[in-house]
Amino acid sequence: MEIITSLEAVKTEYSPSVIALGTFDGLHLGHQDIIKTARDYAQKHGLKLIVFTFSNHPLSLIKPDLVPVRIITQQQKIKYLEKLGVDILVNVPFDHDLAGLSPDEFLKKLAVFNYRCLVVGENFSYGFLGSGKTDTLQRTGLHDHFTVIIRQLVKCG
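Note that the structure is predicted; figures quoted are calculated from it, not measured.

**Q** Lay out the overall build of the protein in plain terms, naming residues and giving numbers.
**A** Regarding its fold elements, the protein presents 6 helices and 6 strands. Order of helices (α) and strands (β) in the protein, N terminus to C terminus: β-β-α-β-α-α-β-α-α-β-α-β. For 157 residues, the compact-globule formula gives about 15 Å, and the C-alpha radius of gyration of the protein, at 15 Å, lands near that figure. Along the three orthogonal principal directions, the C-alpha set of the protein runs to about 40 × 35 × 35 Å. Within the protein, contacts between residues at least 6 apart in sequence are counted, and of these 75% link residues at least 24 apart. Side-chain charges in the protein split into 17 positive and 16 negative, and the spacing between the mean points of these groups amounts to 6 Å.

Okay, here's the thing in structure tokens:
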């Protein structure tokens, strides 16, 4: 599994891919569902599987006093993602530059990964102050001709 820790270090050309987007801070059942859905889509369509996440929780920048306790280490996360069949892990710091991007600017940053499909949870938000939501992402996907898969939250018990 290739691991990218800086968007500045990204190559300029990637094989067509599907990207699972999320914080993936604990890799709980909901996170696993998003990644497995992306993996299944990648296998069905002959695409690379990319997981795009952050090395720090976004709240560490926005509201540090609300950062949840880390339940797995970065190394555990990497090992588990390898087991799930991830081809490329983009595990970059959530910093002021990323936080300041508009939803469209964020998707333009991802364009280098040559994505054909994005898979997210129904509570996904992106861009400055989380201004991009799943409906925004769906509209952009229709306009820019990429597939968006939105997974419902996993409920147990």
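What follows picks up the thread again.
**Q** Explain the sheet that holds strand β4 (residues 88-92) residue by residue, including any values.
**A** The 6 strands are arranged β1-β4-β3-β2-β5-β6 in an open sheet whose pairing can be described as parallel. Strand pairing shows two members of the sheet lacking a second neighbour, β1 (2-4) and β6 (147-151), which therefore form its edges. Strand-to-strand twist of the sheet, defined as the mean angle between neighbouring strand axes without regard to direction, takes the value 20°. Contacts between helix α6 (residues 134-144) and the sheet are confined to β5 (115-121) and β6, with β6 contributing the most and set at about 160° to the helix.

**Q** Please give an account of the side chain of T37 that cites residues and values.
**A** Mapping T37 onto the fold places it in helix α1 (residues 29-45). For T37, the residues in contact, after removing those within four places along its chain, are V119, I149 and R151.

**Q** How would you sum up the environment of V92? Please name residues and give values.
**A** You can see V92 is positioned in strand β4. As a C-alpha pair, V92 and K79 span 13 residues in sequence and 17 Å in three-dimensional space.

**Q** Quick one: what's the story with the packing of aromatic side chains, residue by residue and with numbers?
**A** Counted under the stated rule, the structure contains 7 aromatic pairs. Plain terms: the ring middles of F52 and F54 are 5.8 Å apart, the flat faces sit at 90° to each other, and that makes the pair edge-to-face. Comparing F52 with F54 shows no difference in burial state: the two are buried. Where F54 meets F94, the ring centres are 5.0 Å apart and the plane angle is 75°; that geometry is what we call edge-to-face.

**Q** Break down the nonpolar core for me, citing the residues and quoting the values.
**A** Grouped together as the largest cluster of nonpolar side chains are 28 residues, with contacts concentrated most on F52 and F113. For this core, the elements supplying multiple residues, two or more each, are β2 (17-21), β3 (48-54), β4, α4 (96-99), α5 (103-110) and β5. Ignoring sequence-local partners within four residues, the contact set of F113 consists of I4, L7, V10, Y14, S15, S17, I19, I50 and V90. Core analysis: the next-biggest nonpolar cluster, separate from the first, contains 21 residues, A20, L49, V119 and I149 among them.

The rules we used
- Residues numbered from 1 in each chain as written.
- Predicted model: local features only at pLDDT ≥ 70, side-chain atom pairs only at ≥ 80, totals over all residues.
- Heavy atoms only, no water.
- Helix = DSSP H or I, 4+ residues; strand = E, 2+ residues; numbered from the N terminus.
- Rg over C-alpha atoms; globule rule 2.2 N^0.38 Å.
- Contact = heavy atoms within 4.5 Å.
- Lys, Arg positive; Asp, Glu negative; His and termini not counted.
- Charge placed at Lys NZ, Arg CZ, Asp CG, Glu CD.
- Pairing = 2+ DSSP bridges.
- Axes fitted to C-alpha atoms, helices over the stretch in contact; angles between N-to-C directions.
- Phe/Tyr/Trp six-rings, centres within 6.5 Å; stacked < 30°, edge-to-face > 60°.
- Buried < 20%, exposed > 50% of the residue type's maximum accessible area, 1.4 Å probe, protein only.
- Core = buried A, V, L, I, M, F, W, Y, C linked by side-chain atoms within 4.5 Å.

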